[in-house]
Each structure stands twice: as structure tokens, then as C-alpha cells.
Amino acid sequence: MKRLVSGIKPTGEITLGNYIGALKQFVDLQNTLKDTEFFIFIADLHAITVPQEKSELRKKIKSIAAIYLACGLNPEKVNLFIQSEVIEHAYLGYIMESNAYVGEMERMTQYKDKKVKQETGIRTSLLTYPALMAADILMYDANIVPIGEDQTQHLELTRTIANRFNNLYGDTFIVPEGFTPKTGARIKSLTDPSKKMSKTEDNPKSYVLLLDDLNQIKNKIKSAVTDSDTKVYYDLENKPGISNLLTIYASLKDLSIKDTENLFKDSSYKEFKESVADVVVEVIKPIQEKYKTLINSKELDDILTLGAQNARIIAERKIKKVNQRIGLGRK
Ligand code: TYM
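Given the structure is predicted, the values throughout are model-derived calculations rather than measurements.

How should I be thinking about the site of the ligand in this particular structure?
With respect to spatial proximity, 26 residues lie near the ligand, and among them Lys 9, Tyr 129, Asp 136, Asp 150 and Ile 187 are the closest. In this structure, an oxygen atom belonging to the ligand sits 3.1 Å away from a side-chain N or O atom of Asn 18. Out of a free accessible area of 710 Å², the ligand has 98% covered by protein chains. Split by residue class, the shell around the ligand holds twelve nonpolar, nine polar and five charged.

Help me understand the domain arrangement of the protein in this model?
The parts lose accessible area when they come together, and the size of an interface is often stated as this lost area. Partitioning the protein into domains gives domain 1 (2-184 + 297-326) and domain 2 (214-292). Inter-centroid distance (C-alpha atoms) of domain 1 to domain 2 is 30 Å. Listed as interface residues are 13 residues of domain 1 and, on the opposing side, 13 residues of domain 2. Ranking the residues of domain 1 by area buried against domain 2 places Leu 16, Ala 70 and Thr 183 at the top, with a combined share of 45%. Along the contact surface separating domain 1 from domain 2 lie one salt bridge.

I would appreciate a short explanation of the nonpolar core in the present structure.
Within soluble globular proteins, side chains that are nonpolar tend to cluster in buried spots. Membership of the largest hydrophobic core comes to 64 residues, with the highest contact counts inside it found for Tyr 19, Leu 23, Ile 40, Tyr 68, Ile 248 and Val 280. Ranked by the residues each element gives to this core, the list is headed by helix α12 (residues 269-294), at twelve residues. Each of two domains, domain 1 (2-184 + 297-326) and domain 2 (214-292), supplies a minimum of three residues to this core. Sequence-distant contacts of Tyr 19, defined by excluding residues within four places in its chain, comprise Lys 24, Gln 25, Cys 71, Leu 210, Leu 252, Val 283 and Ile 287. Listed in part, the 38 residues of the second largest apolar core include Ala 134, Tyr 140, Val 145 and Ile 319.

Help me understand empty space enclosed by the protein, please; the structure alone is not making it clear to me.
To find the voids left in a structure, one rolls a probe of water-molecule size over its atoms. Under the definition given, this model contains two cavities of 30 Å³ or more. Taken as a whole, the largest cavity holds about 70 Å³ of empty space. Forming the boundary of the largest cavity are Met 108, Gln 110, Tyr 111, Lys 114, Leu 126, Leu 127, Tyr 129, Pro 130 and His 154. For the lining of the largest cavity, the elements supplying multiple residues, two or more each, are α6 (109-117) and α7 (124-138).

I'm lost on the UniProt feature "short sequence motif: 'HIGH' region" (unreviewed entry) in the protein in this one. Help?
Following the UniProt record, the feature "short sequence motif: 'HIGH' region" (unreviewed entry) maps to residues 10-18 here. Overall, residues 10-18 shows 33% helix and 0% strand. The separation of its end C-alpha atoms is 11 Å.

Is there a simple way to explain the side chain of Asp 235 in this structure?
Mapped onto the fold, Asp 235 is located in the loop between α9 (214-222) and α10 (240-253). Buried within the structure, Asp 235 lacks any salt-bridge partner; its nearest side chain of opposite charge belongs to Lys 239, at an N-O separation of 7.2 Å. Excluding residues that lie within four positions of it along the chain, Asp 235 makes contacts with Pro 240 and Ser 243.

Just to check I follow, could you spell out unusual backbone geometry for this structure?
In terms of backbone geometry, most residues other than glycine have negative phi values and most peptide bonds are trans. You will see that Asp 35, though not glycine, has its phi angle at about 50°, which is positive. As for its placement among the helices and strands, Asp 35 is situated in the loop between α1 (16-32) and β2 (36-42). Located in the positive-phi region is Asp 141, a residue other than glycine, with phi close to 50°. Assignment of secondary structure puts Asp 141 in the loop between α7 and β4 (144-146).

Got a minute to help me understand the environment of Arg 159 in this structure?
Mapped onto the elements of the fold, Arg 159 is located in helix α8 (residues 152-169). Taking the C-alpha atoms as reference points, Arg 159 and Phe 173, separated by 14 residues in sequence, lie 9.6 Å from one another.

I would appreciate a short explanation of the pattern of salt bridges in the present structure.
Side-chain pairing between opposite charges can occur once the charged atoms of the two side chains come close. Following the criterion strictly, the structure yields 21 salt bridges and no others. Measuring nitrogen to oxygen at the nearest pair gives 3.0 Å for the salt bridge that ties Lys 258 to Glu 261. Of the two residues, Lys 258 and Glu 261 are both situated in helix α11 (residues 257-263); the distance of three residues between them amounts to about one turn of the helix. The class for Glu 261 is buried, based on a relative accessible area of 13%. Members of the salt-bridge network, linked through shared partners, are Lys 24, Asp 28 and Asp 254.

Whenever I open this one, the packing of helix α3 (residues 54-70) against helix α13 (residues 298-326) confuses me. Can you help?
Helix-helix packing is described using two parameters, namely the angle between the two axes and the distance between the axes. Where α3 meets α13, the axes come as close as 11 Å, and the angle between the chain directions of the two elements is 95°. The angle between the axes of α3 and α13 places the two elements in the roughly perpendicular class. Facing Lys 62, Ala 65, Ala 66 and Leu 69 of α3, the residues of α13 in contact are Leu 300, Asp 301, Ile 303 and Leu 304. Of the residues that constitute the contact of α3 with α13, the class distribution is six nonpolar, no polar and two charged.

Rules of the game
Residues numbered from 1 in each chain as written. Predicted model: local features only at pLDDT ≥ 70, side-chain atom pairs only at ≥ 80, totals over all residues. Heavy atoms only, no water. Near = heavy atom within 4 Å. Polar contact = N/O pair within 3.5 Å; in protein donor to acceptor, adjacent residues only side chain to side chain. Areas by Shrake-Rupley, 256 points an atom, 1.4 Å probe, with all protein chains shown as cover. Nonpolar A, V, L, I, M, F, W, Y, C, P; charged D, E, K, R; others polar. Domains from an automatic or database assignment. Contact = heavy atoms within 4.5 Å. Buried area = accessible area lost by both parts, 1.4 Å probe. Salt bridge = Lys/Arg side-chain N within 4 Å of Asp/Glu carboxyl O. Core = buried A, V, L, I, M, F, W, Y, C linked by side-chain atoms within 4.5 Å. Buried < 20%, exposed > 50% of the residue type's maximum accessible area, 1.4 Å probe, protein only. Helix = DSSP H or I, 4+ residues; strand = E, 2+ residues; numbered from the N terminus. 1 Å grid on protein atoms, 1.4 Å probe; cavity = no way out; pocket = protein on both sides within 12 Å on 5 of 7 lines; lining within 4 Å. Points joined across faces, edges and corners; volume = space filled by probe spheres on them. UniProt positions renumbered as here; feature names shortened; annotations may be inferred. Lys, Arg positive; Asp, Glu negative; His and termini not counted. Axes fitted to C-alpha atoms, helices over the stretch in contact; angles between N-to-C directions. Parallel < 35°, antiparallel > 145°, perpendicular 65-115°, else oblique.

Structure representation (C-alpha cells):
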């Protein structure tokens, strides 16, 4: 039996980028991968690398859990849980820190980017965050980790730490493989297509949220920045806005970029944007409907409780093994 592990941080709301780069992949893999156990979680410990308002944080944790299910994760196939409810993650995070170098953490581009934005009061956990992410993955001996492009550097570091630990203490962890989608691993901002679409961006027109009002979604797509040309085709360098919209359409319709270009080769930008807006709404509408039935349900709580129980069984076993390998404690 193989294992798949992935998570999403509850900072801000879930974007179309998260959906295409991660959530949609989880669901597609759930429906195609055989003999694979899924561990999907809400990475709430990762959220407190920056300050969070407590009632907001609680709300977002629950909201992401409901979104996972509304997007089509099947609790019969997937162990869905909240990271902080399996406290072994934090413990193994510390063990990972003790097998990683400060220089490795400082080289992470996400850390460098965030550090530039915030000069003082940077929390230590913002630096050591990739060690916790390594723990999340190695805890379950994940073979496959579906992620967007911005997480590939963290996954590479996870592999380095796993190899280092195995060499030093004997085989303990599976060295995981990342899985990024061919199309849509980096959905860009609608207002500045040189940047990734991000839930922590200030301008709400730059992203589509899964829980945005449907009319608002249409307007955001229709006002996406493009270029002064008139032809619809893929050219990341000269037409980043149009290329981003082609990527969104192709991913949501499970088409190749080539086939999508062909579909719109005679369309105006206006017609093309309308089609993209329609397909985004077509995908998001049923997710929102399902979300509404789930968000305050007992079913959601039951699924999270069971998911954490199942995860904890594996986590406890793993921590015992790790302690033995290192020589911690008494047995
Ligand atoms: P987070 O919460 O920033 O993002 C969740 C997932 O969404 C992907 N993603 C995108 N994909 C395509 N285009 C975009 N614009 C875009 N924005 C985000 C991310 O790559 C990610 O896959 N550190 C992780 C959470 C985490 C995790 C883990 C993931 C914690 N532990 C263990 C996998 C395994 C994070 O901050 O993702």
C-alpha cells in the first residue's frame, strides 16, 4: 500500500490557484490512484508563522475542511484531519530541525520573499517552517506529495532531510516524490501575471476565491490584465495574462494547452474571457452549494475526528521508531 500526503495552510481563503494546483489534483488522484492511502490535512500549525486572529483562524480551519469535501474528497478514501490535532507533527518537526541546517532554511525562496516584506518581528517558525513540512510528509512515509510549483523547493529539502536521517540513523523514512500538475502548477495573479495568484495578496481583484460571489468571479476574470495584441495563443513571455487564462481554462476542462488554443484561435479577447469566466463559475458553483450543506454539519466534525484518530495511530508508531533510532527516552 502506498501513501499520499498533502496539506493547505488556513491563511486567507482558498483561491482558484489552490484549487487548480492542489485540490483538483487530490480529487483526480483519489479517483485514479489504486492501492494508495490518502492523508490530507489542514496545516494550521503552519498558519501561526505569522500572527493570526484566533476566531478567524478557527473559522478558516473549519472552512478549509468543508472546502476539501465540497471539492470532492471522499472521506471513505481519504483521512482528512487538522494538523494540530495530531500533535506528533510538532514533535517530529523538532526532530527535523535537528537534522537540518540553518543555511538550508535561509535559502528557501518563500522565506526570503516574506522576510523582505516584513523587516521586524519575524517569527522563528517562519524560518523553520520547512522542517515542519518535512515532518508532515515523512511522518506518514508518503510516496507521493501533490503540490503546486511554489512548494517544490520545500519538497526537495524534505527529500534531503529524509536521506540525511536515513544515512545517519538507518532506514527510517521513505523519500517522497513530488507531483505537480502538467498544466496549472502556478496560476498567476489576474492583475499582475508576473506574480502567482496568492490568498495573501492585498488586491482582491488579483485572485478568485472559491467562496467569492459568482458575479464577482465573472467580473474578476473579465477584467483580468491581458495585452494590446488581439490573438489568443500561449506565450508566457509576451502574453502572460492570456497564457494564464488559457492555463485556467485548460486545467478546469482537462484539456491540453494546444487544444485550448485551437478552441479560441478565432475568438476576440472579450469572447475568450467570457468563456473562461463561464467555465470557472461552472466549476465553482456546485462546490459552493455543497459547501453550504457541510460547513455547520455534524458530518464534517465526525469526519475530522475520525481522520485525526487514524492519523494518530500511524504518527504514534512513527515517533516511537524515530526515538529508538536516535536513542531518545528509555525504550
Ligand atoms: P499553501 O497553503 O500556500 O498552498 C496549498 C497548495 O496550493 C498550491 N498553490 C498553488 N498552485 C498553483 N497556483 C497557485 N497560484 C498556487 N498557490 C498555491 C501550493 O503549491 C500548495 O500545494 N507549505 C504548504 C502547506 C503544507 C504542505 C505540507 C503541503 C504544509 N505541510 C505537506 C504538502 C505536504 C503551503 O503553504 O501551501
